[in-house]
Amino acid sequence: MDKLQSVLSGEEARRDDRNILQTVNDASTLGWGTRLKGFVACFVFGAVCTLLGVCMLFLPKIGIILFIVFYTFGNICALGSTMFLMGPVKQLKRMCDKTRALATTIMITCLVLTLCAAFWWKNFGLALLFVILQVLSFAWYSLSYIPCVREAILKLVSVSLR
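Given the structure is predicted, the values throughout are model-derived calculations rather than measurements.

A.B. asks: Explanation requested: the environment of L143 in the structure shown.
C.D. replies: Here L143 lies in helix α8 (residues 124-143). You can call L143 partly exposed: its relative accessible area is 24%. Dropping the residues within four chain positions of it, L143 is found in contact with V149, R150 and I153.

What follows is the structure in structure tokens.
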């Protein structure tokens, strides 16, 4: 019935003129309370996965694989949780900003390479190296949202290396 009303009122024709980004953005318009609940739920789930991965690290034989899977999935959930706050389109645009593009690329590359090293190449030393790079790149990416912090850290490091 709603479809019939939208066709008769002319709304259907206006919907066809929109591009894919507008459609996704309209579909993701949630209230602030719902966005906050989604953010908290996704972030907590990611944190639990990360902690579970650390606990699995100490299991014999399969522990390293479980650690890598849970840790990487936890990072993906934590990254995805911020999409609830800003919306997916705005988040993707901010991730590709010129200040964050390199950090985003390195972070996503490390996520993929961690899983490749664990499952495809079966090189757990390399997988652990990529996990460490995940931590560093995720921290560097997160710091890009706080004004002037990355510049201050770079200055601190350059002063301490002299």
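A.B. asks: For this particular structure, what's the right way to read helix α6 (residues 88-95)?
C.D. replies: In an α-helix, one turn spans 3.6 residues; hence positions three or four apart end up facing the same way. Inspection of α6 places V89, Q91 and M95 among the buried residues, and these make up the whole buried set. On an axial view of α6, the arc spanned by its buried residues comes to 165 degrees, and they lie on one face.

A.B. asks: Sorry, what's going on with the side chain of R100 here?
C.D. replies: With respect to the element layout, R100 can be found in the loop between α6 and α7 (101-120). Excluding anything up to four places from it in sequence, R100 contacts R94, M95, Y141, S144 and Y145.

A.B. asks: When you look at a nonpolar patch on the surface in this model, what are you seeing that I'm missing?
C.D. replies: Together, W32, L36, V40, V44 and V48 line one region of the surface with nonpolar side chains, adding up to about 470 Å² of accessible area. Within the secondary structure, V44 sits in helix α4 (residues 32-56).

A.B. asks: Explain the nonpolar core to me, please; I cannot follow it from the model alone.
C.D. replies: Counting nine residues, the largest nonpolar core is built from I64, F67, I68, Y71, A117, A118, A127, F130 and V131. Of all the secondary structure elements, the ones that give two or more residues to this core are α5 (63-86), α7 and α8. If you tally residues by element for this core, the top one is α5, at four residues. Each residue touching A117, except ones within four places of it in the same chain, is listed here: K122, N123, L126, A127 and F130. Counting residues in hydrophobic clusters, the runner-up holds seven residues, among them A78, M95, F138 and Y141.

A.B. asks: Any chance you could explain unusual backbone geometry here in plain terms?
C.D. replies: Trans peptide bonds make up most of the peptide bonds, and negative phi angles are found at most residues other than glycine. The phi dihedral of K122 falls on the positive side, at around 55 degrees, and the residue is not glycine. Note that K122 resides in the loop between α7 and α8. Residue classification places K122 among the exposed positions, given a relative accessible area of 56%. In this structure, C148 takes a positive phi of about 70 degrees despite not being glycine. Assignment of secondary structure puts C148 in the loop between α8 and α9 (149-160).

A.B. asks: Looking at this structure, how should I read the packing of aromatic side chains?
C.D. replies: We describe a pair of aromatic rings using the distance from one ring centre to the other and the angle between the two ring planes. The final tally for this structure, using the stated rule, is five aromatic pairs. With centroids separated by 5.8 Å and ring planes inclined at 25 degrees, the aromatic side chains of F39 and F43 adopt a geometry described as stacked. Of this pair, F39 and F43 both sit in helix α4, four residues apart, roughly one helical turn. Ring plane angle 20 degrees and centroid distance 6.0 Å describe the contact between W120 and W121, whose orientation is recorded as stacked. Under the relative-accessibility criterion, W120 is labelled exposed at 67%.

Analysis parameters
Residues numbered from 1 in each chain as written. Predicted model: local features only at pLDDT ≥ 70, side-chain atom pairs only at ≥ 80, totals over all residues. Heavy atoms only, no water. Helix = DSSP H or I, 4+ residues; strand = E, 2+ residues; numbered from the N terminus. Buried < 20%, exposed > 50% of the residue type's maximum accessible area, 1.4 Å probe, protein only. Contact = heavy atoms within 4.5 Å. Arc of directions from axis to C-beta. Patch = residues over 30% accessible without salt bridge, like charges linked within 9 Å, V, L, I, M, F, W, Y side chains within 5 Å. Areas by Shrake-Rupley, 256 points an atom, 1.4 Å probe, with all protein chains shown as cover. Salt bridge = Lys/Arg side-chain N within 4 Å of Asp/Glu carboxyl O. Core = buried A, V, L, I, M, F, W, Y, C linked by side-chain atoms within 4.5 Å. Phe/Tyr/Trp six-rings, centres within 6.5 Å; stacked < 30°, edge-to-face > 60°.

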